[in-house]
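For reference, the chains in residue letters:
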Number of protein chains: 2
Amino acid sequence: MSFRHGLRLLYSQLSVFSRELNRPWCRYISSSLALSSEKRATDFNSLVARTNTCGELRSAHVGQEVTLCGWIQYQRQGLFLVLRDFQGLTQIIIPQDEAHSHVKKVLYDAPVESVVRVTGTVTSRPPGQKNPRMPTGDIEVKVKTAEVLNSCKKLPFEIKDFIKKSEALRMQYRYLDLRSFQMQHNLRLRSQMVMKMREYLCNLHGFVDVETPTLFKRTPGGAKEFVVPSREPGKFYCLPQSPQQFKQLLMIGGLDRYFQVARCYRDEGSKPDRQPEFTQRHLQNKDFEALKESAKSQFNQEVLHLILKPDESLKSPLSKFLSEEQQSELIQALKVQADDVVLLAAGEHEKVCLVLGNMRLESANLLELRGLVLRDPTAFHFLWVVDFPLFLHKEENPAELESAHHPFTAPHPSDTSLLYSEPAKIRSQHYDLVLNGSEIGGGSIRIHNAEQQRFVLETVLKEDPELLSHLLEALKCGAPPHGGIALGLDRLICLVAGAPSIRDVIAFPKSFKGRDLMSNAPDYITPEELEPYHIQVAWPAAEAEANKN
Amino acid sequence: MSFRHGLRLLYSQLSVFSRELNRPWCRYISSSLALSSEKRATDFNSLVARTNTCGELRSAHVGQEVTLCGWIQYQRQGLFLVLRDFQGLTQIIIPQDEAHSHVKKVLYDAPVESVVRVTGTVTSRPPGQKNPRMPTGDIEVKVKTAEVLNSCKKLPFEIKDFIKKSEALRMQYRYLDLRSFQMQHNLRLRSQMVMKMREYLCNLHGFVDVETPTLFKRTPGGAKEFVVPSREPGKFYCLPQSPQQFKQLLMIGGLDRYFQVARCYRDEGSKPDRQPEFTQRHLQNKDFEALKESAKSQFNQEVLHLILKPDESLKSPLSKFLSEEQQSELIQALKVQADDVVLLAAGEHEKVCLVLGNMRLESANLLELRGLVLRDPTAFHFLWVVDFPLFLHKEENPAELESAHHPFTAPHPSDTSLLYSEPAKIRSQHYDLVLNGSEIGGGSIRIHNAEQQRFVLETVLKEDPELLSHLLEALKCGAPPHGGIALGLDRLICLVAGAPSIRDVIAFPKSFKGRDLMSNAPDYITPEELEPYHIQVAWPAAEAEANKN
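Each chain has its residues counted from 1, running along the sequence as written. As a convention, the first chain written is A and the first ligand written is 1, with the rest following in written order. Local features in this predicted model are restricted to residues whose pLDDT is 70 or higher, and side-chain atom pairs enter the listing and the counts only when it is 80 or higher, whereas totals over whole chains, interfaces and linings include all residues. For side-chain calculations, the full set of non-hydrogen atoms in the structure is used, while hydrogens and water are omitted.

(A) How the structure looks around the overall build of chain A. Check the secondary structure of chain A and you find 14 helices and 21 strands. Expressed as a percentage of its 549 residues, the buried residues of chain A come to 54%. Whether two residues are in contact is decided by their heavy atoms: any pair within 4.5 Å suffices. Contacts spanning at least 24 positions in sequence make up 66% of the contacts within chain A whose residues lie at least 6 apart. Note on areas: Shrake-Rupley with a 1.4 Å probe; residue coverage comes only from the protein chains shown. Total accessible area on chain A is roughly 26,000 Å²; 53% of this is exposed by carbon and sulfur atoms. Here a strand is any run of E in DSSP of at least two residues, a helix any run of H or I of at least four, and the numbering for each starts at the N terminus. Partly exposed residues are those whose accessible area sits between 20% and 50% of the maximum for their type, while under 20% is buried and over 50% is exposed, using a 1.4 Å probe and protein chains only.

Next up, the structure:
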């Protein structure tokens, strides 16, 4: 539920909530990822003018008269063209006889990417001209009539090599980028995956799909929430970061199994120093130096390396400080084998774990750059992270506690008694789900007892419980035990699709800076248009000066 | 698509878009309203601590040990109680023997609406005590163990008679209101209907569910769009009124069958004079006077009545102006029968139709108040409205034209040639769907030709086409012919559920004034919190004065 390092401005979340949980049923959700291969009777040709898609004709169709619609992928010398739709490609033979000269002219003149409708007969390709690499490669369609439904101007880039184009150009012409095989595949996969989740939750387990409001009240301290001015002077809605409070209220309201594909809004601001998720460096023979430098610059941490040579001697800046016996103990303890590299760091346990975890990933990246496949991108490895601490010592003031997850997470049932004596030692009922090393979701069993919730807010966290009075009130009104999970859909589908960025699984994504490069949003609006909302722009000094001049 | 008299601040819309339309396939959508009665293998008891719901035990279960969870509906003298969950009610027998004194005390002390878990044996009710009006009325559960999962304080109102409570109280305690049978039914029906629509579109016809952005650019003249300040000084997003432009761009992008359950944002302001949808008046013998008064006050239109008496004479203020022959002609033309009432109005055709249509509805209301059932609330009558004009003369300047629907609607294919000569005479490819007299949806076939779109914007509507340059550009890039429909889900489900207001089919609705009465949104936020967005509140003079003092 908490994507602390989330890169996105706006993301979708599958939010599942259920009362009376007694086991981590969320595992069933991950199993729904195995998309069923059973053929459903999906009819892509219902409701429209075509008889077939461009991907479905085979030898069995030879002799049939068909009507296809699609984009002209390419055309060669007025002899044939290849028609494309979302299902595939079909080769079209342009008639050369006088009686069809009109059809020939229509298709000869139509620019690439024009939309055409053709009617003709499916024929077998001549011997030697079949294309086994093309699903429709056994046949071609001899056209009798053709119509250009819409002509296409010269495009800023060819559809097929979109991937080589700059991200900015792809975003500006997103509607062309969407025609690429990869984007078609990703968005259709996303739709199917979400549908499978819905069928599983709704049809098999009786979950109820409930839409919760996106115009809501600002959460105290919710610094990352977008504000929306209302027509009441000085009053604002906010766009919620998650359906957090509503899902608890639905549980209390007796909607005992709720789910929603919810839009979540998080204003991450526009930080020019934002890092992409994976840092790849091209490093030759200085790999150790690069790793050490990275540990130093990112974490201010010294890291030493240690190599076991084939003659069983240690090569390390450390070796001169260790006796032979110590060296041999170290080799045994770490089960080091010849040519293995060991990275060592000394310091506070949590910090050193973080640094070394990072070094491990960077080492894997380095090895994969050298051609070694360590992580199979087609394998899905899921991991549950459990037994989180319920509270953490505040970094700026270790005497005070803050929630590790959020203040509504319930204590671990075995630890509840410690809540009133040693809260810092309690484990929580918070769980995170990790796929191939990326956090894809998380959730918790919630506190359902009003007194316990008030104690956590007031006594442990020193927060003002009045700010959440409507939730505390609701917990007193017969709130059932409840909990749930939220999956970050963008990230999950990105991993399943093997896409390099979440922007490849979102139809119209924002840029890193939160801009829509196609329509140029956000944009200036006039003071008159702001008037009904009783707000005005507070220009920063420099710009106000510039505006004056 | 255009709910001009929409009452809601925020509504959900099922938006379906498809290219290559050649018939009004939308009719299939309406057929999906017939919710399938086939039993799916929905397991409401998976993943949780109970063995059964409170609605499913029958004689066949007698002898089984079961665990139920639910709310205490009522408890009588420590002898028995009725347990409620979302599936029904089950009678629980409290043991009276010494060995179970603890169980007796637990259940005796638990207040109404507390959440309990009980385990016991299903037994047949004694002869004469079966309750045929209760689905579980043949059995009761003899409890062995019981646990109060959460105790309930005294509630502000009883769950069962919520309907008598004021709307404000229901909204303030929405989580209690949601426990009512009616709200449970409505929200579950909504979830099932939307799921059926998804299955139909996604599984049967290959539509792709695509999420489009809700942080978008302001539409020129989009006065009803909420604005969202960004962190770039002076720049704003807006919350779109519909996925309008995105669905066209998806068609152009080759997502040839798109649908979405989309959130639409329309800031209708807070008009204190807003009318509920149906006006009901309680009128005794002055019905005609009331009808005439209503026509006069609402439309400034005179209406006359005319009654055919059993002796075939006319009773009407008009009769003295008509010859016997004229009276008899009128009776024949209108096929008036004895005791029939006819309302007459004279004036401009369109206005008079509007007034008389209104009088017809008011008359029906009056008759139904007298106990005559004219409109069967369980019958669903669908109606397509087609052949709308493409343009209308502007009310303020009849020499100029405006779009009847929106500027993207395509002309009727039979009328296209008139576009360049007599645009005011063209019919459009716009269609509306009406259910039991209420508009529940609408859509259109869109213009896919860039030149035609530019001509409509520039020459017919005298608008600046540069404001829509990205759409015009996209139409030139091989845009396929396309069109679609959007259903207003709130309204549709309201009609199907027979609910008095759309607020009864929305989990957390806003009030007429756009307020969330539970959390008190919108609310004041501090100037410091507005700082990152470079805006400040422009207080109206009176309030600024008050704030100063």
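Anyway, onward from the coordinates.
(B) Region of interest: helix H12 (residues 489-497) of chain A. Residues and elements named next belong to chain A. Counting buried positions over the nine residues of H12 gives seven, a clear majority of the element. Considered for burial, the residues of H12 that qualify are Leu489, Asp490, Arg491, Leu492, Ile493, Cys494 and Ala497. Looking one or two residues past H12, glycine 498 carries a phi angle of roughly 65°, positive in sign.

(C) Examining the interface of chain A and chain B more closely. With 133 residues of chain A at the interface, the matching set in chain B holds 133 residues. Summed over both partners, the accessible area lost on bringing two parts together, with a 1.4 Å probe, is the buried area. Both sides of the chain A and chain B interface together cover about 12,100 Å² of buried area, and 57% of this is carbon and sulfur. When the buried surface of chain A facing chain B is broken down by residue, Leu47(A), Tyr175(A) and Glu211(A) rank first, second and third, together holding 7% of it. In what follows, salt bridge is the name for a side-chain nitrogen of Lys or Arg lying within 4 Å of a carboxyl oxygen of Asp or Glu. Inspection of the chain A/chain B interface yields 16 salt bridges. For Arg50(A), the salt bridge is made with Asp256(B), and the minimal N-O distance between the two is 3.4 Å. N or O atoms within 3.5 Å of each other form a polar contact, as long as, within protein, one can give a hydrogen and the other can take it, and as long as residues adjacent in sequence are counted only when both atoms are side-chain atoms. Our count for the contact surface shared by chain A and chain B stands at 75 residue pairs in polar contact (both at pLDDT 80 or more). Classifying every residue of the side of chain A that touches chain B gives 68 nonpolar, 31 polar and 34 charged. In terms of strand pairing, strand E9 (residues 235-239) of chain A meets strand E20 (residues 523-524) of chain B through two bridges, oriented antiparallel. For this classification, the nonpolar set comprises Ala, Val, Leu, Ile, Met, Phe, Trp, Tyr, Cys and Pro, the charged set comprises Asp, Glu, Lys and Arg, and every other residue, Gly included, is treated as polar. Any two strands are treated as partners once DSSP identifies two or more bridges connecting them.

(D) Main features of helix H5 (residues 181-204) of chain B. Residue and element names in this part refer to chain B. Taking 1.5 Å of rise per residue, 24 residues should cover 34 Å, and H5 covers 33 Å from first to last C-alpha, within 8% of that figure. For H5, the tally of buried residues reaches 18 of 24 residues, placing the bulk of the element in the interior. Glycine 206 sits one or two residues past H5 and shows a positive phi near 65°. To estimate how far a helix should reach, multiply one less than its number of residues by 1.5 Å.

(E) Molecular detail of the pairing of strand E18 (residues 438-445) of chain A. Residues and elements named next belong to chain A. Among the eight residues in E18, eight count as buried, and that is most of the element. In this sheet, E18 lies alongside strand E17 (residues 430-435) in antiparallel orientation, the contact comprising six bridges. Within the sheet, the bridge partner assigned to histidine 430 lies in E18 and is serine 444. In textbook terms, the turn of a hairpin is the stretch between consecutive antiparallel strands, and for E17 and E18 this stretch comprises two residues, one of which, asparagine 436, has a positive phi near 45°. Relative to strand E19 (residues 482-488), E18 runs antiparallel, the two sharing five bridges.

(F) How the structure looks around the pattern of salt bridges. Residues and elements named next belong to chain A. Throughout the structure, instances matching the rule amount to 58 salt bridges over all chains. A salt bridge links arginine 179 to glutamate 113, with the nearest nitrogen and oxygen atoms 2.8 Å apart. Here glutamate 113 lies in the loop between helix H2 (101-109) and strand E5 (115-124) and arginine 179 lies in the loop between helix H4 (174-177) and helix H5 (181-204), a separation of 66 residues in the sequence. This pair shows no difference in class: arginine 179 is buried, exactly as glutamate 113 is. Members of the salt-bridge network, linked through shared partners, are Arg170, Arg174, Asp177 and Asp504.

(G) Representation of the relation of the copies chain A and chain B within the structure. What sets the superposition is a least-squares fit of C-alpha atoms, and only residues with pLDDT of at least 70 in both copies go into it. Rotating chain A by 180° and moving it 0.0 Å along the rotation axis overlays it on chain B with an RMSD of 0.1 Å. These values place the two chain copies in the arrangement generated by a two-fold rotation axis. Interface overlap between copies is the fraction of interface residues in one copy that are interface residues in the other; for chain A against chain B it reaches 100%, indicating a shared surface.

(H) Summary view of the packing of H5(A) against H5(B). Note on method: axes are straight lines fitted to C-alpha atoms, helices fitted across the in-contact stretch only, with angles between N-to-C directions ranging 0 to 180 degrees. The contact between H5(A) and H5(B) brings their axes to 11 Å, and the two run at 140°. In this view, H5(A) runs oblique relative to H5(B), as classed from their interaxial angle. With respect to the hand of their crossing, H5(A) and H5(B) are arranged in left-handed fashion. Counted together, Ser191(A), Met195(A), Arg198(A), Glu199(A), Cys202(A) and Asn203(A) of H5(A) and Ser191(B), Met195(B), Arg198(B), Glu199(B), Cys202(B) and Asn203(B) of H5(B) form the full contact between these two elements. Residues of the contact of H5(A) with H5(B), tallied by class, amount to four nonpolar, four polar and four charged. Any angle that falls under 35 degrees is termed roughly parallel, while one over 145 is termed roughly antiparallel, one within 65 to 115 roughly perpendicular, and all others oblique. The handedness criterion is simple: a crossing whose near helix is rotated anticlockwise from the far helix by less than a right angle is left-handed, and one whose near helix is rotated clockwise is right-handed.

(I) How the structure looks around the sheet that holds strand E11 (residues 304-308) of chain B. Residue and element names in this part refer to chain B. Spatially, E12-E11-E13 is the arrangement adopted by the three strands of the open sheet, whose pairing is antiparallel. Looking at the sheet topology across the chains shown, the edges are occupied by strand E12 (314-315) and strand E13 (341-344). Of the pairings in the sheet, the one linking E11 to E13 comprises four bridges and is antiparallel in character. Residue pairing for E13: leucine 306 is matched across the bridge by valine 342.

(J) Spatial organisation of the packing of aromatic side chains. The pairing test for Phe, Tyr and Trp rings, Trp by its six-membered ring, is centres within 6.5 Å, and the orientation test on the planes gives stacked under 30 degrees, edge-to-face over 60, and tilted for anything in between. Evaluation of the coordinates by the stated rule reveals 16 aromatic pairs over all chains. Ring plane angle 35° and centroid distance 6.3 Å describe the contact between Tyr524(A) and Trp539(A), whose orientation is recorded as tilted. Pair noted here: Tyr524(A) is in strand E20 (residues 523-524) and Trp539(A) is in the loop between strand E21 (535-537) and helix H14 (541-548), with a separation of 15 residues, a long-range link. Look at Tyr524(A) and you get partly exposed, because its relative accessible area is 49%. Each member of the aromatic cluster is reached from another via a ring pair, and the members are Phe216(A), Phe246(A) and Phe508(B).

(K) Representation of the sheet that holds E20(A). Read from one edge to the other, the open sheet built from three strands follows the order E20(A)-E9(B)-E8(B), with strand pairing classed as antiparallel. In the strand order of this sheet, the two ends are held by E20 of chain A together with strand E8 (226-229) of chain B, each with one partner.

(L) Main features of the environment of Arg263(B). Counting through the fold element by element, Arg263(B) comes out in strand E10 (residues 257-265). Since its relative accessible area comes to 17%, Arg263(B) is described here as buried. When the C-alpha positions of Arg263(B) and Ala338(B) are compared, they lie 52 Å apart, and in sequence the two are 75 residues distant. Within the structure, the side chain of Arg263(B) is placed 3.0 Å from the side chain of Glu211(A), a separation counted as a polar contact. A distance of 2.8 Å separates the side chain of Arg263(B) from the backbone oxygen of Thr212(A), its partner in a polar contact.

(M) Up close: the environment of Ala486(A). All names here are of chain A. With respect to the element layout, alanine 486 can be found in strand E19. Judged by relative accessible area, which is 0%, alanine 486 ranks as buried. Between the C-alpha atom of alanine 486 and that of glutamine 244, which follows or precedes it by 242 residues, the distance is 9.9 Å.

(N) Just the packing of helix H7 (residues 287-299) of chain B against helix H9 (residues 349-369) of chain B, in detail. All names here are of chain B. Orientation of H7 relative to H9, taken along the N-to-C sense of each, is 140°, at an axis distance of 10 Å. In this structure, H7 crosses over H9, and the sense of that crossing is right-handed. Between H7, through Asp287, Leu291, Ser294, Ala295, Gln298 and Phe299, and H9, the contact on the second element is made entirely by Lys351, Leu354, Val355, Asn358, Met359, Glu362, Ser363 and Leu366. For the contact of H7 with H9, the residue count by class is seven nonpolar, four polar and three charged.

(O) Looking closely at a nonpolar patch on the surface. Residue and element names in this part refer to chain A. A cluster of nonpolar residues, Leu367, Leu372 and Leu374, forms a patch on the protein surface that exposes about 260 Å² of accessible area. When you line up the elements, leucine 372 lands in the loop between helix H9 (349-369) and strand E14 (382-385). Residue class for leucine 372 comes out partly exposed when judged on its relative accessible area of 45%. Note on patches: the residues involved have over 30% relative accessible area and no salt bridge, like charges join within 9 Å, and the nonpolar side chains Val, Leu, Ile, Met, Phe, Trp and Tyr join within 5 Å.

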